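In case you want the letters, here they are:
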Amino acid sequence: RDALSTHDMVLIPAIPCSHLVPLIPMLMEYDVIGVDEGQFYPDIVEFSETMANAGKTVIIAALDGTFQRRPFGKALNLISKCESITKLTAVCKETGCDAPFTKRIINVEDEELIGGSELYNAVSRGSYFNISTRGKVNVIIGSEKSGKTTELIRILERFHIASKKVLLIRHVDVCEDHHNPPFNVIIDDKLPKVGKHLNEFDIIIFFLLSLIFTPEYFEIINI
């Protein structure tokens, strides 16, 4: 069907295809191109870069993760190549909290299984892991000199003012003494072991994630 449909059945005309790059000559007459379900296109990065460099605005809607919370297709490869990112969340039916994750409710392990509410639920962290937690992971990303550290410190100080126990972890290679925060700081070249020490804090912040970030580490920090 040559139409795009939302979950509430709003329909607009669209071009159905399995690859985007072959459409480039035809699309050059347009100023703005929208791509839905971007995770399914193997050439989404090449297409987006080509069109943007040609002066076009490309807007992509895509799942950021599979039901296993792994990167879905090549959509996340656009993070370092795009000008802006908007992360949306649904509402978790079980907890009423924000639902940033997709949980498959049938026992099928195939990564690609197209369907709606009969196959998937949008869930919170607690519902995904079947645990009681108020924990969450927030990421600040940007280019060099974009104010990442300034924004990080601003958020930390707001939590500190709200009487939260705050821990800042900085990589030893980028340690700077220009700011003396009123909260605890760890300076090291590796992440601390998960255990009782970290459980003492409400807010844990990692500075310069590109050097020390490992996704598996955050899988077990559900405090």
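Procedures and definitions
Residues numbered from 1 in each chain as written. Predicted model: local features only at pLDDT ≥ 70, side-chain atom pairs only at ≥ 80, totals over all residues. Heavy atoms only, no water. Pairing = 2+ DSSP bridges. Helix = DSSP H or I, 4+ residues; strand = E, 2+ residues; numbered from the N terminus. pLDDT = per-residue confidence, 0-100. Contact = heavy atoms within 4.5 Å. Salt bridge = Lys/Arg side-chain N within 4 Å of Asp/Glu carboxyl O. Buried < 20%, exposed > 50% of the residue type's maximum accessible area, 1.4 Å probe, protein only.

**A look at the pairing of strand E4 (residues 57-60)**
Of the pairings in the sheet, the one linking strand E3 (residues 32-35) to E4 comprises four bridges and is parallel in character. Note that in E4 the partner of Gly34 across the bridge is Ile59.

**Overview of the confidence of the model for the chain**
Predicted coordinates in areas of low pLDDT are best not read in detail. Mean pLDDT for the chain: 79, with 68% of residues reaching 70 or above. Across the chain, element-level confidence peaks in helix H2 (residues 44-53) with a mean pLDDT of 97 and bottoms out in helix H6 (residues 209-212) with 44. When the criterion is pLDDT under 50, residues 209-223 qualifies, and its contacts beyond four places in sequence or with other chains add up to 35 contacts.

**Some thoughts on the pattern of salt bridges**
Under the definition given, this model contains two salt bridges. With a shortest N-O distance of 2.5 Å, Lys87 and Asp64 are connected by a salt bridge. With Lys87 in the loop between E4 and strand E5 (90-91) and Asp64 in the loop between E4 and E5, this pair connects stretches of sequence that are 23 residues apart. Residue class for Asp64 comes out partly exposed when judged on its relative accessible area of 32%. Note that Glu151 and Arg154 form a salt bridge whose closest N and O atoms lie 2.7 Å from each other. Note that Glu151 and Arg154 are positioned in helix H4 (residues 148-161) at a spacing of three residues, about one turn of the helix.

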